[in-house]
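Descriptive analysis of the structure
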Amino acid sequence: MRILILGCGGFIGSHLVERVLKDTKHHIKGVDLSDYKIKVHTEDPRFLFHKRDVYEDATMLSMDIAHSDVVIFLATICHPSLYNTQPLKTIRSNFTQPCQVVDLCAEHKKWLINVSTCEVYGRTLLSYVEPDAYTDELYLQREDETPLIMGPIQNQRWSYACAKQLLDRYIYGQGYENGLEYTIIRPYNFFGPRMDYIPEKDGEGTPRVLACFLKALMDGEPMKLVDGGEQRRTITYIDDAIDAFMRILERPKQSKNQVFNIGNPDNQISMSDLAEMMRGIYSSLLMDESYLQHPIESVSSEDFYGPGYEDCDQREPDITKAQELLGWNPKTDLHETMRHTMRYFFEHYVQPVFDPS
Ligand code: UGA
């Protein structure tokens, strides 16, 4: 198979490239502006890498799509710190520009695997019921049933989710009207080596929560809990997530024209508990108990992200569809996920780890 990966140089893309080259005989053409996460693979004869903006050359984009069997689309902005501050860029990156890719896949009759987001579900139904009316059903997000609920337009946080949702609908429309074959993946907070960047070390700006907490630990600054840290996320280890991608590639019949939640429902945690867990793991990696008391402080979302931020209160995937159609089950529990992930960052940015085993 000839796989075109648009946005192959990011966190998910780099793991996907690695796994496809390791476990299959497929050929990859990859496009990205950045190559530092995939440099080790650029000499592989089955990996052809083009360092450029996906949209820089429309003719080349069209040719790349025409010469592939499947297109995996990953090239979008995905950092909440940008959703409020650069909503236009966020909407263009997540809707306007990707429409070109969707149209070209429809025109050339190529299978499109689009990496959407769990954020399209928006606010959960929990926000609309009294706590004593909570039931387990209200928490679960189901691909083909759950309403997608966004806040008002002044809450610019939703610029991303809304653009992503509209792209999902556009893809569906191309399928409905023009026969595009597609698969939509909704990732739930994938964590693992190479996620994001550490500010002032190999990137600038505000990354996602993992890198923010890591930077605070590395630099001896307080870990900041946005609005108290009650928000909950389900965290999925990247290797489990990549298993799902591989199963999709191996099972086109079961995967085409489907939307899949890819997340680990057993790994749910609040951000305040995550901060505590991370300082515990950091303390054991450094073998320094003082980190168990590393300061954690609450900050307002307005101070942290600027005006227009609103949080997703909780995200819990129903993964029945992925289990039934793909035979996929995430295996890595939360503690193991955080240990593997933090160990990578620790070795990479702090010091080699002493491993008594
Ligand atoms: C983001 C993207 O918007 C999603 O599309 C993407 O699927 C998701 O990351 C992901 O990693 O899969 P979000 O979960 O809100 O969504 O991203 P984070 O920036 O990692 O924030 C998680 C939570 O931690 C939020 O409640 C945020 O307010 C909080 N946070 C973040 C802190 O409490 N402290 C920090 O230093 C940073």
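First things first, this report covers the structure right here in the doc. The residue count restarts for each chain, going from 1 along the sequence in the order it is written. Owing to the predicted nature of the model, reporting of local features is limited to residues with pLDDT of at least 70; listing and counting of side-chain atom pairs is limited to 80 or more, with chain, interface and lining totals taken over all residues. In computing side-chain properties, one takes all heavy atoms of the structure into account and sets aside hydrogens as well as water.

Look at helix α1 (residues 11–23) against helix α9 (residues 238–250): their axes get within 10 Å of each other, and the N-to-C directions meet at 60°. Judged on the interaxial angle alone, α9 and α1 are oblique. With respect to the hand of their crossing, α1 and α9 are arranged in right-handed fashion. Together, Phe11, Ile12, His15, Leu16, Arg19 and Val20 of α1 and Ile238, Asp239, Ile242, Asp243, Phe245, Met246 and Leu249 of α9 make up the contact between the two elements. To get an axis, a line is fitted to the C-alpha atoms, and for a helix only the part in contact is used. The angle between two axes follows their N-to-C directions and goes from 0 to 180 degrees. For the purposes of this entry, the term helix denotes a DSSP run of H or I that reaches at least four residues, the term strand denotes a run of E that reaches at least two, and both are numbered from the N terminus. Orientation categories follow fixed angle ranges, with anything under 35 degrees roughly parallel, anything over 145 roughly antiparallel, 65 to 115 roughly perpendicular, and all other angles oblique. By definition, turning the near helix anticlockwise from the far helix through less than a right angle yields a left-handed crossing, and turning it clockwise yields a right-handed one. Only heavy atoms matter for contacts: two residues are in contact if any of them lie within 4.5 Å across the pair.

The subject of this paragraph is the site of the ligand. When we say a residue is near a molecule or strand, we mean one of its heavy atoms is within 4 Å of it. Taken together, 26 residues lie near the ligand, and Tyr83, Glu119, Lys224, Arg233 and Asp311 sit nearest. Here a polar contact means two N or O atoms within 3.5 Å. Within protein one must be a hydrogen donor candidate and the other an acceptor candidate, and residues neighboring in sequence count only if both atoms are side-chain atoms. Here an oxygen atom of the ligand and a side-chain polar atom of Glu119 are 2.5 Å apart. Here an oxygen atom of the ligand and a side-chain polar atom of Arg157 are 2.9 Å apart. Elements with a contribution of two residues or more to the shell around the ligand: α3 (80–85), α8 (209–219), β9 (223–226) and α12 (301–305). Amino acid classes used here: Ala, Val, Leu, Ile, Met, Phe, Trp, Tyr, Cys and Pro are nonpolar; Asp, Glu, Lys and Arg are charged; the rest, including Gly, are polar. Of the residues contributing to the shell around the ligand, the split by class is 16 nonpolar, three polar and seven charged.

Our focus in this paragraph is the pattern of salt bridges. Pairs can form between side chains of opposite charge once their charged atoms are near each other. Any carboxyl oxygen of Asp or Glu that lies within 4 Å of a side-chain nitrogen of Lys or Arg is treated as forming a salt bridge with it. Taken as a whole and assessed by the stated rule, the structure comprises 22 salt bridges. Two residues, Lys39 and Asp35, come together in a salt bridge whose shortest N-O distance is 3.5 Å. The shortest N-O distance in the salt bridge between Asp318 and Arg142 comes to 2.6 Å. One end of the pair, Asp318, is in the loop between β15 (316–317) and α13 (320–326); the other, Arg142, is in the loop between β6 (140–141) and α7 (158–178), with 176 residues separating them in the sequence. Classification of Asp318 as buried rests on a relative accessible area of 8%. Using a 1.4 Å probe on the protein chains alone, a residue whose accessible area is under 20% of its type maximum counts as buried, one over 50% counts as exposed, and one in between counts as partly exposed.

In terms of nonpolar packing, the biggest core is built from 64 residues, with Met278 and Met338 touching the most fellow members. Apart from residues no more than four positions distant in its own chain, Met338 is found in contact with Phe191, Leu210, Leu274, Met277, Met278 and Ile281. Remark: nonpolar core denotes a set of buried residues (Ala, Val, Leu, Ile, Met, Phe, Trp, Tyr, Cys) joined through side-chain atoms within 4.5 Å. Of all hydrophobic cores here, the second largest spans 24 residues; its members include Leu4, Val101, Leu112 and Leu167.

The buried fraction of strand β12 (residues 258–262) is high, at four of five residues. Strands are labelled as partners when DSSP assigns at least two bridges between them. Note: strand β7 (residues 182–187) against β12, five bridges, orientation parallel. The partner of Pro187 across the bridge, within β12, is Ile262.

For the rest of this paragraph, the subject is the packing of aromatic side chains. Aromatic contacts are taken between Phe, Tyr and Trp rings whose centres are within 6.5 Å, Trp giving its six-membered ring; a plane angle under 30 degrees counts as stacked, one over 60 as edge-to-face, and the others as tilted. The full count for this structure, using the stated rule, is 12 aromatic pairs. Geometrically, the ring pair formed by Tyr282 and Tyr291 is edge-to-face, given 5.0 Å between the ring centres and 65° between the ring planes. By the burial criterion, Tyr282 is buried, and Tyr291 matches it. By way of ring pairs, the aromatic residues Tyr172, Tyr176 and Tyr182 are connected into one cluster. In this scheme, Lys NZ or Arg CZ marks a charge over a ring once it lies within 6 Å of the ring centre and within 35 degrees of the ring normal. Geometry around Tyr121 places Arg186 over its ring, the cationic atom sitting 5.1 Å from the centre. Over the face of the ring belonging to Trp111 we find Lys256, whose NZ or CZ atom lies 5.0 Å from the ring centre.

Once that is clear, we can look at the environment of Leu125. Relative to the assigned elements, Leu125 resides in the loop between β5 (111–115) and α6 (136–139). Linking Leu125 and Lys164, residues 39 residues apart in sequence, is a C-alpha distance of 20 Å. Contacts of Leu125, omitting those with residues within four sequence positions, involve Leu138, Pro147 and Ile149.

Right, let's talk about the environment of Cys312 for a bit. Relative to the helices and strands, Cys312 is located in the loop between α12 and β15. Remark: the alpha-carbon pair of Cys312 and Arg123, spanning 189 residues in sequence, is separated by 5.4 Å. Ignoring any residue separated from it by four or fewer positions in sequence, one finds Cys312 in contact with Glu119, Gly122, Arg157, Trp158, Gln231 and Arg233.

It is worth spelling out the sheet that holds β5 at this point. One open sheet holds the seven strands; their spatial order is β3-β2-β1-β4-β5-β7-β12, and the pairing between them is parallel. Because the sheet does not close on itself, it has two edges, and the strands there are β3 (47–51) and β12. Ignoring strand direction, the axes of neighbouring strands in this sheet form an average angle of 15°. Of the pairings in the sheet, the one linking strand β1 (residues 2–6) to strand β4 (residues 70–73) comprises four bridges and is parallel in character. Residue pairing across strands places Ile3 opposite Val70, the latter belonging to β4. Most of the contacts of helix α2 (residues 58–66) go to β1, to which it runs at about 145°, and overall it touches β1, β2 (27–32), β3 and β4. Its contacts with the sheet place helix α5 (residues 98–108) against β1, β4 and β5, and it is angled at close to 165° to β4.

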